[in-house]
Amino acid sequence: MAEFLLEARGLTKRFPGVIANDNVTMSLKAGEILGLLGENGAGKSTLVKMLFGIHQPDEGKILLRGEEITADGPGEAIGRGIGMVHQHFQLVPTLTVAENIILGAETTQAGFLNRSKAEERVAELSHRYGLIVEPGDIVGELPVGIQQRVEILKALYRGAELLILDEPTAVLTPQETDELLTILRGLAADGVGIIFITHKLREVLEVTDRVTVLRRGKTVGTMVTSEATTESLAELMVGRAVVLRVDKAENEPGEVVLTVDELKVRDDRKQLSVDGATFEVRAGEIVGIAGVEGNGQRELVEAITGIRSIASGQAVIAGVRVSAKPRSVRQLGVAYIPEDRERDGLVGTYSIADNMVLASYNQEPYAKRGLRRFEAIAENATKLVERFDVRTPDIDTSVKSLSGGNKQKVIVARELSEEKKLVIASQPTRGVDVGSIEFIHNQLIAARDRGAAVLVVSAELDEIFSLSDRIAVIYEGKIAAVLDPDSTTREEIGLLMAGEKI
Ligand SMILES: Nc1ncnc2c1ncn2[C@@H]1O[C@H](COP(=O)(O)OP(=O)(O)O)[C@@H](O)[C@H]1O
Ligand SMILES: [Mg+2]
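Residues numbered from 1 in each chain as written. Chains lettered and ligands numbered in written order. Predicted model: local features only at pLDDT ≥ 70, side-chain atom pairs only at ≥ 80, totals over all residues. Heavy atoms only, no water.

Q: Lay out the overall build of the chain in plain terms, naming residues and giving numbers.
A: A tally of helices and strands in the chain yields 17 helices and 22 strands. For 502 residues, the compact-globule estimate of 2.2 N^0.38 gives 23 Å, and the chain sits close to it at 25 Å. Projecting the C-alpha coordinates of the chain onto the three principal axes gives extents of approximately 80 × 50 × 40 Å. By residue count, 52% of the 502 residues in the chain fall in the buried class. Put simply, of all contacts in the chain between residues at least 6 apart along the chain, 68% involve residues at least 24 apart. Of the roughly 22800 Å² that the chain leaves accessible, carbon and sulfur atoms contribute 48%. (Helix = DSSP H or I, 4+ residues; strand = E, 2+ residues; numbered from the N terminus. Rg over C-alpha atoms; globule rule 2.2 N^0.38 Å. Buried < 20%, exposed > 50% of the residue type's maximum accessible area, 1.4 Å probe, protein only. Contact = heavy atoms within 4.5 Å. Areas by Shrake-Rupley, 256 points an atom, 1.4 Å probe, with all protein chains shown as cover.)

Dropping the structure here:
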């Protein structure tokens, strides 16, 4: 018997312009849960896609039970007992749970489908691992957490002895996450080897036996989890020591700056994704909007910033009713840190200096009588790069060559360098390294302390708790409750996020 169920030795994978995996080494034993930890872009998905046969490595070897295998497609990988639950599920929404699980695996039953036998096996697997599903339910009507169980069952049904889960908790509520972790423990106890990808340190510490950390495509270390701490893992992940706590003083909220009143907003498919949301944000406070992604957060923010039109109800900023004109919303004194910084916040091919004046390039002091004043633009950029700690060779560097954290700092610098009445920050630290998270959090708190009303939308509950003076939970486009973080638990927020009452 080989010591390892799976081994990757010196895997390298190049894409045009990037080395996504550079001499990566990892191993997994049967019955073990291995955490694969790393920031966005570290190369985690690329690694497991090679293990699952989606990508062909340029160099290196993959050994399964001690024998070298070639990556020749997911079909082969499944045949060898490797299962993968992707970041985006690959289920057929119109089919039932049982049909999805059996789909594509029928021919193993001597050419014809023995439906009742197949359903029996689904029930047996579901029972054995606590993966509770209703075989007759239509998949498209199920909550995400249950759909994920169906994906896991699908892999087990195909005989997976090695299960790869790529950021499975990103789409789950805290309760669903806990349930998933329990299920994974049960699977491991039964001998299944599990590769669990996440960027959340808490989850790694809670469920894994060992953890391999990737940074910029390289394996920077493997630790036995019981010997790891939040700090040691964060340091491995980022490459330097980081402080993970934010300190903030008690706030003194002032007058109401933002009022959202019975707001209804349609999404791109014309559905009412914001469906009667009501809340307010006062000067000098941070209100955090907690919720599972896809509950109307994006459309809510787009409506308040004037990017998307309002179907009914209203948003009022400093006494002025918002209309679908982003420029006039800005002129009310609104700073906006968008969810998708590459698309909505920056022009990648422009320099840092130009990105720092994106909304004011044609105004004094950056332009006079239609002429750009390069000295003023450069001076502004030099000052902000220093003050907001943007790590770059110089201010003429194009923004696209910066890391995620530094791109975000460019936006934060531009948006928070001037005093604003209202700051709207959507997923402000997504894909940002741990060190920059701390910095960005402190900047948001500083804006609050200067008297700005701050609205933070985040799918990260830790972020919501560390920043918010009040927490509003959004569920199916409505604010389910507004709570005081000091007297609320993660579990309570989690229940509200799942649409339950507390
Ligand atoms: N199919 C692809 N084509 C080109 N570049 C890719 C592709 N997949 C990933 N990359 C790049 O490889 C690097 C690692 O990405 P990925 O493995 O997805 O990281 P992670 O899963 O850790 O966030 C990133 O710079 C990413 O942009
Ligand atoms: Mg990934």
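This is not the end of the story, as more comes after the structure.
Q: I'd like to hear about the environment of Gly-291, residue by residue, with values.
A: Mapped onto the fold, Gly-291 is located in the loop between β13 (286-290) and α9 (297-304). Distance from Gly-291 to Gly-494, taken between C-alpha atoms, is 8.4 Å for residues 203 residues apart in sequence. Excluding its chain neighbours within four sequence positions, the residues that come into contact with Gly-291 are Gln-297, Ser-458, Ala-459, Ile-474 and Met-497.

Q: Lay out the pairing of strand β21 (residues 470-475) in plain terms, naming residues and giving numbers.
A: Note that β13 and β21 share four bridges and pair parallel. Directly across from Val-287, in β21, lies its bridge partner Arg-470. When β21 meets strand β22 (residues 478-483), the two strands line up antiparallel, connected through five bridges. When the sheet's bridge partners are listed, Ala-472 is paired in β22 with Val-482. Between β21 and β22, which pair antiparallel and follow one another directly, the connecting turn spans two residues, one of which, Glu-476, has a positive phi of 45°. (Pairing = 2+ DSSP bridges.)

Q: So what's going on with the site of ligand 1? Residues and values would help.
A: Surrounding ligand 1, one finds Phe-15, Val-18, Ala-20, Glu-39, Asn-40, Gly-41, Ala-42, Gly-43, Lys-44, Ser-45 and Thr-46. Taking Ala-42, its main chain carries an N or O atom lying 3.2 Å from an oxygen atom of ligand 1. The backbone of Gly-43 places a nitrogen or oxygen atom 2.9 Å from an oxygen atom of ligand 1. Computed on the free molecule, ligand 1 has an accessible area of 560 Å², of which 61% lies beneath the protein chains in the complex. Elements with a contribution of two residues or more to the shell around ligand 1: β2 (18-28) and α1 (44-51). (Near = heavy atom within 4 Å. Polar contact = N/O pair within 3.5 Å; in protein donor to acceptor, adjacent residues only side chain to side chain.)

Q: Give a description of the side chain of Glu-176 that names residues and reports values.
A: Relative to the helices and strands, Glu-176 is located in helix α6 (residues 174-189). The side chain of Glu-176 is buried and forms no salt bridge, while Arg-149, the nearest opposite charge, is found at 7.2 Å. Within the structure, the side chain of Glu-176 is placed 3.4 Å from the backbone nitrogen of Gly-145, a separation counted as a polar contact. If sequence neighbours within four positions are ignored, Glu-176 has contacts with Pro-143, Gly-145 and Val-171. (Lys, Arg positive; Asp, Glu negative; His and termini not counted. Salt bridge = Lys/Arg side-chain N within 4 Å of Asp/Glu carboxyl O.)

Q: Give me the nonpolar core: which residues, what numbers.
A: Counting 37 residues, the largest nonpolar core has Ile-352, Met-356, Val-410, Val-423, Leu-444, Val-454 and Val-456 as the members making the most contacts within it. Looking at this core, the elements that each hand over two or more residues are β16 (334-337), α12 (352-355), α13 (374-387), α14 (404-416), β19 (422-426), α15 (434-449) and β20 (453-458). Each of domain 2 (245-333 + 420-502) and domain 3 (350-417) accounts for three or more of the residues forming this core. The contact partners of Leu-444, leaving out residues within four places of it in the chain, are Ile-286, Ile-337, Leu-416, Val-423, Ala-425, Pro-428, Val-454, Val-456 and Leu-467. Counting 36 residues, the second largest nonpolar core, distinct from the first, contains Leu-91, Ala-105, Val-122 and Tyr-129. (Core = buried A, V, L, I, M, F, W, Y, C linked by side-chain atoms within 4.5 Å. Domains from an automatic or database assignment.)

Q: Any details on the sheet that holds strand β4 (residues 59-64)? Residues and values, ideally.
A: Strand order across the open sheet formed by four strands is β2-β1-β4-β5, with antiparallel pairing between neighbours. Every interior strand has two partners, whereas the edge strands, β2 and β5 (67-69), have only one. In this sheet, adjacent strand axes meet at a mean angle of 30° when their direction is disregarded. Here β4 pairs with β5 via three bridges, running antiparallel. Bridging from a neighbouring strand, Leu-64 pairs with Glu-67 of β5. Across the sheet, α1 lies against β1 (6-15), β2 and β4, angled at about 120° from β1, the strand it touches most. (Axes fitted to C-alpha atoms, helices over the stretch in contact; angles between N-to-C directions.)

Q: If you had to explain the side chain of Thr-429 to someone new, which residues and values would you point to?
A: By the secondary structure assignment, Thr-429 is in the loop between β19 and α15. Residue Thr-429 is classed as buried on the basis of its relative accessible area of 8%. Polar contacts involving the side chain of Thr-429 include one to the side chain of Glu-463, which spans 2.5 Å. For Thr-429, the contacting residues outside a window of four places in its chain are Gln-408, Ile-437, Ile-440, His-441 and Glu-463.

Q: Mind laying out the packing of aromatic side chains, listing which residues take part and the relevant values?
A: For the structure shown, the criterion picks out one aromatic pair. On the basis of an interplanar angle of 80° and a centroid distance of 6.3 Å, the ring pair of Phe-388 and Phe-439 is categorised as edge-to-face. Of this pair, Phe-388 sits in the loop between α13 and α14 while Phe-439 is found in helix α15, placing the two residues 51 residues apart along the sequence. This pair shows no difference in class: Phe-388 is buried, exactly as Phe-439 is. (Phe/Tyr/Trp six-rings, centres within 6.5 Å; stacked < 30°, edge-to-face > 60°.)

Fair warning: the whole summary comes from geometry, so function is off the table for now.
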